[in-house]
Amino acid sequence: MAGFLSALRRIYLSLYNWTVFIGWFQVLYFAVKALREGGPTTVYDAVEKPLQLAQTAAVLEILHGIVGLVRSPVSATLPQIGSRLFLVWGILWSIPETRTHVLVSSLVISWSITEIIRYSFFGMKEALGFAPSWLLWLRYSTFLILYPTGITSEVGLIYVALPFIKASEKYCIRMPNKWNFTFDYFYASIIALAIYVPGSPHMYGYMLGQRKKALSKSKTA
Amino acid sequence: MKVNLVSRNGREVVKGGIELTDEATVSDLQEAIHARIKKYYPSRQRLTLPLQAGSKGKPVVLIPKKKLADYCDGNANNLTVVFKDLGVQVSYSTLFFWEYLGPLVIYPVFYYFPVYKYFGYEGERTIYPVQTYALYYWCFHYFKRILETFFVHRFSHATSPLSNVFRNCAYYWTFGAYIAYHVNHPLYTPVGDFQIKIGFTFGLICQLANFYCHLILRNLRSPDGNGGYQIPRGFLFNIVTCANYTTEIYQWLGFNMATQTIPGCVFLVVATLIMTNWALTKHRRLKKLFDGKEGRPRYPRRWVILPPFM
């Protein structure tokens, strides 16, 4: 029974990782194609559907962590997925004026390269039991460039969206109401921006530590 | 006897070790370390016995009043002690004072000063009676907390790391402003009179009960600051281990019944989660300490913090 469950887990995770891998591969493919054919302003429309699907599917990863299917700590995945979903749905989908900005191109390219490497890495480990050392190296090295480019794109797009958020009054709850509650999407977005200030060095430092551990382990192995 | 003081990665903290008499206590060792390295005052020192290689248990912490000789198992003239710097420390009184002062000062600012015009709400605002009572209730609560800090509580540890001042003040001051903004808002909607009266009355009774719980807890400890743990008895402690947290949670419930704001409810939920975490730790510690063996009493069956859930 235990062997059957463990095999089921492996099949499920292999399917999950490779499916999402294909999603992100599409994002990169359509992004590069649109860049070459129409230029940066056409990138969003070309990648919208696979981007939304692939990124939203990542919510399952939080479930995987809670249920114990994977070992990753929920505390590390939650802020990462939170910021991604905020950008995909809260900024790009909600505030259409941001879609033609050049930072959209750097955003989806940074994200898709990172995720293609990451999902193929996990996909191989689950399906084949190992991942080649060059893929391990890629996984723990490309972030050195892609984190700064991705984070800059995220922060830049939120900043670009701010005046449109303020003007549209979207997602705002005003008083008076029975529960004396207010929500101002403009100020919430500013708080989100502020979180990037301590959050980015923290995440980068965490990945640097992970890199040291992962690459030294493979040397001695 | 000679004490070798090492850091957790094996480096000598005090070159050549520290010479003390055979009758010396841990406290004497702490004073000697402080004399050799000025910045390491005793409350900053964490002294433990070295963990045996491969053992997984927690290290034995040296207790100030005990004699060093009690920790030497074989060699009575030589003891190795592991040192950890806990960082800059502040007394608990200092920590509590600053975290409670924020809400006490910030809340009335939203009530008395024309703050809302900076948020775009011009003109006069009508103040409902419930908003005035909420102000008195809130300020009484934090004033009570400050008085208890200086006159009632006896702390198990004298100090807390300085970083906790910033973290705790951020928590209390931010939530204080968040709640004060909403309760004193020009467009605030009060609930019915009956709900307001029940809320504040219930809350006040719970605050008084909470004060009595603090008195009981105080009398469990001796005034010479020994810390230590006893089985709490009497009043609500006969039914629930952390009756002080229980009454605190219910008094916030009373405040929220009377004021009905989402921010107030969010604060209640977060505070409940934090206190439940503390209560579980305390309950487990008491059960472990009072296991009924070797003449120790056995910890009675009790709710942890919130009957009938936990």
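Within an unreviewed UniProt entry, the label attached to chain B reads 3-oxo-5-alpha-steroid 4-dehydrogenase C-terminal domain-containing protein, and the organism entered is Zingiber officinale. Quoted verbatim from the Sequence similarities (unreviewed entry) heading of the UniProt record, the comment on chain B is "Belongs to the steroid 5-alpha reductase family." Quoted verbatim from the Subcellular location (unreviewed entry) heading of the UniProt record, the comment on chain B is "Membrane".

(A) Quick peek at the overall build of chain B. Scanning chain B from N- to C-terminus turns up 7 helices and 6 strands. In terms of C-alpha radius of gyration, chain B reaches 24 Å, well past the compact-globule figure of 19 Å for 310 residues. Across its three principal axes, chain B shows a C-alpha extent of roughly 75 × 45 × 35 Å. Residue burial in chain B is summarised as follows: out of 310 residues, 43% are buried. For chain B, restricting intrachain contacts to residue pairs at least 6 apart in sequence, the fraction spanning at least 24 positions comes to 73%. Of the roughly 17,200 Å² of accessible surface on chain B, a fraction of 62% belongs to carbon and sulfur atoms. Of the side chains in chain B, 35 bear a positive and 18 a negative charge, and the two mean positions are spaced by 6 Å.

(B) Main features of helix α3 (residues 59-67) of chain A. Residues and elements named next belong to chain A. For α3, the complete set of buried residues consists of Glu61, Ile62, His64 and Gly65. Considered in projection along α3, the buried side chains sweep an arc of 160° and stay on one side of the axis. Summarising the geometry of α3, the exposed residues directed more than 90 degrees from the buried face are Ile66 and Val67. At its buried positions, α3 is contacted by α1 (2-37), α2 (43-57), α4 (74-93) and α5 (103-128). Looking one or two residues beyond α3, the residue adopting positive phi is Gly68, at roughly 95°.

(C) Quick look at the pattern of salt bridges. Counted according to the given criterion, the structure contains 12 salt bridges over all chains. We note a salt bridge from Arg174(A) to Asp184(A), for which the minimum N-O separation is 3.5 Å. With Arg174(A) in the loop between α7 (143-168) and α8 (185-220) and Asp184(A) in the loop between α7 and α8, the pair connects residues that are 10 residues apart, well separated along the chain. As a salt-bridge pair, Lys67(B) and Glu23(B) come within 2.9 Å of each other at their nearest N and O atoms. Placement of Lys67(B) in the loop between β3 (45-48) and β4 (78-85) and of Glu23(B) in the loop between β2 (18-19) and α1 (26-36) is noted, with a sequence separation of 44 residues between them. Look at Glu23(B) and you get exposed, because its relative accessible area is 54%. Through salt bridges with shared partners, a single ionic network connects Glu61(A), Arg84(A), Glu115(A) and Arg118(A).

(D) How the structure looks around the pairing of strand β1 (residues 2-7) of chain B. Residue and element names in this part refer to chain B. With 5 of 6 residues buried, β1 lies mostly within the body of the structure. Bridge analysis of β1 against β2 gives 2 bridges, and the strand direction is antiparallel. Along β2, the bridge assignment pairs Lys2 with Glu19. Here β1 runs beside β4; their pairing, made up of 6 bridges, is parallel. Bridged to Val6 within β4 is Val82.

What counts and what doesn't
Residues numbered from 1 in each chain as written. Chains lettered and ligands numbered in written order. Predicted model: local features only at pLDDT ≥ 70, side-chain atom pairs only at ≥ 80, totals over all residues. Heavy atoms only, no water. UniProt positions renumbered as here; feature names shortened; annotations may be inferred. Helix = DSSP H or I, 4+ residues; strand = E, 2+ residues; numbered from the N terminus. Rg over C-alpha atoms; globule rule 2.2 N^0.38 Å. Buried < 20%, exposed > 50% of the residue type's maximum accessible area, 1.4 Å probe, protein only. Contact = heavy atoms within 4.5 Å. Areas by Shrake-Rupley, 256 points an atom, 1.4 Å probe, with all protein chains shown as cover. Lys, Arg positive; Asp, Glu negative; His and termini not counted. Charge placed at Lys NZ, Arg CZ, Asp CG, Glu CD. Arc of directions from axis to C-beta. Salt bridge = Lys/Arg side-chain N within 4 Å of Asp/Glu carboxyl O. Pairing = 2+ DSSP bridges.

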